[in-house]
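# Structure assessment
Listed below, chain by chain, are the residues.
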Amino acid sequence: MKRALVTLLAVVVGVAIVAGIAVFNSVRQAEPPTLAAEVSGTMDTPQGTLPHATLELAVYPNSSAKVPPPKTPSQFAANWLSGQPFYHPSTSLQVPANSAVTITFIQYDSGGQIYNPYFADVHGTMDGTMTVNGESVTGIKPSEVGHTFTVHQYPESTQPDFFLSVPLKMNKANAKTDKDGYPVNPQKIEVTFITGDPGTYVWNCEFPCGDMYQEFGGPMQTRGWMAGTFEVV
Ligand SMILES: [Cu+2]
C-alpha cells in the first residue's frame, strides 16, 4: 500500500513539473506580430457559399542568411533556440469566422517517425483531405512526418469546438538543397477548412522536433517557433 502511494505521488509530482514548465514557458512569452488570412472571393462548401481566405506559412529547419530566426525574449533564449526549426513568418495567426480558409505550408525540414500515428493523418479539414505536392490524400506515412500543425481548444473553453491537425511531410535527408541549406523542391501542403463563430485557440507541432523532454522541449513549447495562437475573428 505504502509503495503504491509513493508511486502515485511520484507520478503526480512528475506530471505537475512537466505541466508547470509548459505553463511557465508559454505565459512569459511575448506574442509575435499577428499574421491575418486574406479574404479573396468566395468558395462553394458543404455549408453553402462562404467567404474564402488564404494564408501561407513556411517551416524552416533552422535560420540562415536568407531567413532570420524568430524574435526571442532574451539572448539566452536566442542561443538556446539557435539552429532549431520554426514556422515563418509568424505563429500568431488570425482567420475570419464562418469562412472557408486555405492554408498553404511550404515545408523545408527533414523528419522521421512520429510517436502517435494519429497525427500522421489529416483531421478537421473541409473534406478530410489535404494536398501534398498537388496530390489529394487523407494522411501520410507515420515514418515520413516533418512537423504537424495542430490547433487545440483551451481545455476550459466555452467557445465553439475547433480542431484541426495537418501532418507536414518531411523532405528526404539527401534532398537537393540551395546555398542556405534549404531543399530546392520543398514539400507543398495545402488544406482547406471551415471556421465557425469567433474563438481563441492555441496550436503546436506534435512531431518531436524539439529537444530536452522527449524532444518536446525548446522550440516545441515556444511561441514564434513551433507553437502559437490561432484566433478566429
Ligand atoms: Cu515541429
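For the structure, check the block above.
What comes next is a walk through the structure. Computed from a predicted model, the values in this text were never measured in an experiment.

### With respect to the layout of surface pockets
Approximately 210 Å³ is the volume found for the second largest pocket. A class-by-class count of the residues in the lining of the second largest pocket yields eight nonpolar, four polar and one charged.

### Here's the deal with the sheet that holds strand β12 (residues 199-204)
Sheet architecture is open: six strands sit in the order β1-β5-β13-β12-β9-β10, paired in mixed fashion. Edge strands, defined here as strands with exactly one partner in the open sheet, are β1 (34-36) and β10 (164-169). Averaged over neighbouring strand pairs, the angle between their axes works out to 20° when direction is ignored. The pairing of strand β9 (residues 145-152) with β12 spans three bridges and is antiparallel. Paired with Val151 across the strands is Trp203, a residue of β12.

### A closer look at the coordination of the copper ion
Within the protein, the copper ion binds to His147 (ND1), Cys205 (SG), Cys209 (SG) and Met226 (SD); these donor distances fall in the range 2.1 to 2.5 Å. Given four donor atoms and angles of 95 to 126° at the metal, the environment of the copper ion is assigned as tetrahedral. Summarised as a motif, the one-chain spacing of the donors to the copper ion is H-x57-C-x3-C-x16-M. Within this pair, whereas His147 is found in strand β9, its partner Cys209 is found in the loop between β12 and β13 (227-232), the two being separated by 62 residues in sequence. The two residues His147 and Cys209 agree in class, both being buried.

Rules behind the numbers
Residues numbered from 1 in each chain as written. Predicted model: local features only at pLDDT ≥ 70, side-chain atom pairs only at ≥ 80, totals over all residues. Heavy atoms only, no water. 1 Å grid on protein atoms, 1.4 Å probe; cavity = no way out; pocket = protein on both sides within 12 Å on 5 of 7 lines; lining within 4 Å. Points joined across faces, edges and corners; volume = space filled by probe spheres on them. Nonpolar A, V, L, I, M, F, W, Y, C, P; charged D, E, K, R; others polar. Pairing = 2+ DSSP bridges. Helix = DSSP H or I, 4+ residues; strand = E, 2+ residues; numbered from the N terminus. Axes fitted to C-alpha atoms, helices over the stretch in contact; angles between N-to-C directions. Donors = N, O, S within 2.8 Å, 3.2 Å for Na, K, Ca; no water. Tetrahedral: all angles 85-135°; square planar, octahedral: opposite > 155°, others 65-115°. Buried < 20%, exposed > 50% of the residue type's maximum accessible area, 1.4 Å probe, protein only.

Keep in mind these numbers describe shape, not what the thing actually does.
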